[in-house]
Amino acid sequence: MKYEAIIGLEVHVELATKTKMYCSCTTEFGGDTNNHCCPVCLGLPGSLPVLNKEAVNYAIKAGLALNCTINKETYMARKNYFYPDCPKNYQITQDETPLCTDGYIEVAGEDGEKKIRIHRIHIEEDTGKGFHRVDGSYYDFNRAGVPLIEIVSSPDMRTPQEAKEYLEKLKAILQYVGVSDCKMEEGSLRCDANVSIRPEGSEEFGVKVEIKNMNSFRAVEKAIEYEIKRQIKAVENGEDIVQETRRWDESRLETVSMRSKEHAHDYRYFPDADIISLSVDDEWINRVKESLPELPEQKKTRYVKELGLPEYDAMILTMSKSLAAFFEACVAEGGNPKEVSNWMMGELLRTLNDKMLEIDDVKFRPADLVKLIELINKGTISGTIAKKVFKEMFETGNNPEKIVEEKGMVQVSDEGAIIEIINKVLDENPQSVIDFKNGKTKAMAL
Ligand SMILES: [Zn+2]
């Protein structure tokens, strides 16, 4: 029997506000432990939260960029649970009334463009962080109260690749609008996946399993891939799939059971009497709408229509805000869009990939890449030499003209000069000339 997978993702994103959700403590990453805290984010008795308007602004921005409806009247709720990293013993979040609903992201599915629906986006606050050592457990509350949005997709993805693409698009869009830096390694983007399987053609959903602890997009893809295989194997062996939470074990490359449904929390949600209602009017929404920058899809269309790039180039170059900015800076410096694109999609991205670096790590300026292309077009250097110059540019950040000059890489295209060089070489190697004339063609090798 053939099975299909049903995948939904829950993504937590830390908002890039300067201060926390309900107090004026800094949201800066790192710092000495328990240094970015105050009575409010530590949940001390008598402290009262004050909602950070900028965080709501960012959440609306994210919602609009992800094609959501913004709900004008919502309220904040308490999610009650007891865990040492949650200082108030409840988290202020949104339950029945999320700020944003019914959005979508388009991904390139197997049968062409596909819409992955976004069920809801709600605002909430982050928790503290626990460290477990042999001598005891320690808690750092610097992160407690940092504004978050949780973006919940509908179960619309069918393959691990689609899930990865959804995440990549989501990250690009959130970075474009500037609501988060989306750094998975610093925890400002975290993803949990819900995975189930069903016989192909069936309309019913299977029992879903939640996967946590995936620390990169690649890990998300791998974990989902593993989980689908695990579930199919279990069903084929006549076993039941248990509704549970599983943890991705990166070193063993498998998912491991964490807790079953019997141990699921009952959060006893109720409205938070200290904040309760949040009203967003049309004027506010419109103001945010007008402030939105050009989004990846719009940029892609413009690159194709106005700059004449092929669809594929436009898609790759708009995948990240920084990549698109580098490309546009090259074009602004007078670079031919297709030539710039060829170099960026070829040498540049390949080198970045090989060295596991990001476009922001590139030392040379966009103008230098344009200069390099100019040197080829003018015939000063050949395409092969250009690749060597590029390598040097990448490593040193030096400009191409300087490299070409210093390393004597200039391509000689003056015929007289070339003949002169040939004669000189032949004069200096009389034996090789004789050998060659006697049929030893190997003497001609460089
Ligand atoms: Zn605080």
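From a predicted model like this one, the values you see are computed outputs, not experimental measurements.

Points about the coordination of the zinc ion
Thinking step 1. Surrounding the zinc ion are the protein donor atoms Cys23 (SG), Cys25 (SG), Cys38 (SG) and Cys41 (SG), which sit 2.3 to 2.4 Å from the metal.
Thinking step 2. Angles of 101 to 117 degrees at the metal separate the four donor atoms of the zinc ion, which places the site in the tetrahedral class.
Thinking step 3. Along the chain, the residues donating to the zinc ion are arranged with the sequence spacing C-x1-C-x12-C-x2-C. Within this pair, whereas cysteine 25 is found in the loop between β1 (3–14) and α1 (53–65), its partner cysteine 38 is found in the loop between β1 and α1, the two being separated by 13 residues in sequence.
Thinking step 4. For cysteine 38, a relative accessible area of 18% gives the class buried.

A word on the packing of helix α7 (residues 321–332) against helix α9 (residues 366–377)
When two helices pack together, their arrangement is given by the angle between the helix axes and the distance between those axes.
Thinking step 1. Where α7 meets α9, the axes come as close as 8 Å, and the angle between the chain directions of the two elements is 55 degrees. It follows from the interaxial angle that α7 and α9 lie oblique. Relative to α9, α7 is oriented so that their crossing is right-handed. Residues Phe326, Ala329 and Cys330 of α7 touch α9, and the partners they reach there are Pro366, Leu369 and Val370.

Focus: the pattern of salt bridges
Thinking step 1. As enumerated under the stated definition, the model contains 36 salt bridges in all.
Thinking step 2. Of the charged contacts in the structure, one is a salt bridge between lysine 114 and glutamate 162, with a shortest N-O distance of 2.9 Å. With lysine 114 in strand β7 (residues 112–125) and glutamate 162 in helix α2 (residues 160–177), this residue pair connects regions lying 48 residues apart in the sequence.
Thinking step 3. Judged by relative accessible area, which is 22%, lysine 114 ranks as partly exposed.
Thinking step 4. For glutamate 162, a relative accessible area of 6% puts it in the buried group.
Thinking step 5. With a closest N to O distance of 3.4 Å, arginine 133 and aspartate 135 form a salt bridge.

Side note on the nonpolar core
Thinking step 1. Counting 103 residues, the largest nonpolar core has Leu9, Leu66, Ile151, Tyr166, Leu348 and Leu369 as the members making the most contacts within it.
Thinking step 2. The biggest single contributor to this core is α2, with nine residues.
Thinking step 3. Ignoring sequence-local partners within four residues, the contact set of leucine 369 consists of Phe326, Cys330, Val340, Trp343, Met344, Phe364, Phe390 and Met393.

With respect to α7
Thinking step 1. The terminal C-alpha atoms of α7 lie 16 Å apart, and with 12 residues this matches the ideal 16 Å at 1.5 Å per residue to within 8%.
Thinking step 2. Those residues of α7 that sit buried are Leu323, Ala324, Phe326, Phe327 and Cys330. Down the axis of α7, the buried set is contained in an arc of 160 degrees. They therefore lie on one face.
Thinking step 3. Of the surrounding elements, those touching the buried residues of α7 are α2, α5 (296–307), α6 (311–317), α8 (337–354) and α9.
Thinking step 4. After α7 finishes, the residue glycine 334 shows a positive phi value of roughly 100 degrees.

A few points about the sheet that holds strand β12 (residues 209–214)
Thinking step 1. Taking strand neighbours across the sheet as the criterion, the nine strands line up as β2-β6-β7-β10-β1-β11-β12-β13-β14 in an open arrangement whose pairing is mixed. The strands lining the two open edges of the sheet, one partner per strand, are β2 (69–70) and β14 (254–260).
Thinking step 2. Note: β12 against strand β13 (residues 244–249), three bridges, orientation parallel. Among the inter-strand pairings, isoleucine 211 is bridged to a residue of β13, identified as arginine 246.

Calculation rules
Residues numbered from 1 in each chain as written. Predicted model: local features only at pLDDT ≥ 70, side-chain atom pairs only at ≥ 80, totals over all residues. Heavy atoms only, no water. Donors = N, O, S within 2.8 Å, 3.2 Å for Na, K, Ca; no water. Tetrahedral: all angles 85-135°; square planar, octahedral: opposite > 155°, others 65-115°. Helix = DSSP H or I, 4+ residues; strand = E, 2+ residues; numbered from the N terminus. Buried < 20%, exposed > 50% of the residue type's maximum accessible area, 1.4 Å probe, protein only. Axes fitted to C-alpha atoms, helices over the stretch in contact; angles between N-to-C directions. Parallel < 35°, antiparallel > 145°, perpendicular 65-115°, else oblique. Left-handed = near helix turned anticlockwise from the far one by under 90°. Contact = heavy atoms within 4.5 Å. Salt bridge = Lys/Arg side-chain N within 4 Å of Asp/Glu carboxyl O. Core = buried A, V, L, I, M, F, W, Y, C linked by side-chain atoms within 4.5 Å. Expected span 1.5 Å × (residues − 1). Arc of directions from axis to C-beta. Pairing = 2+ DSSP bridges.

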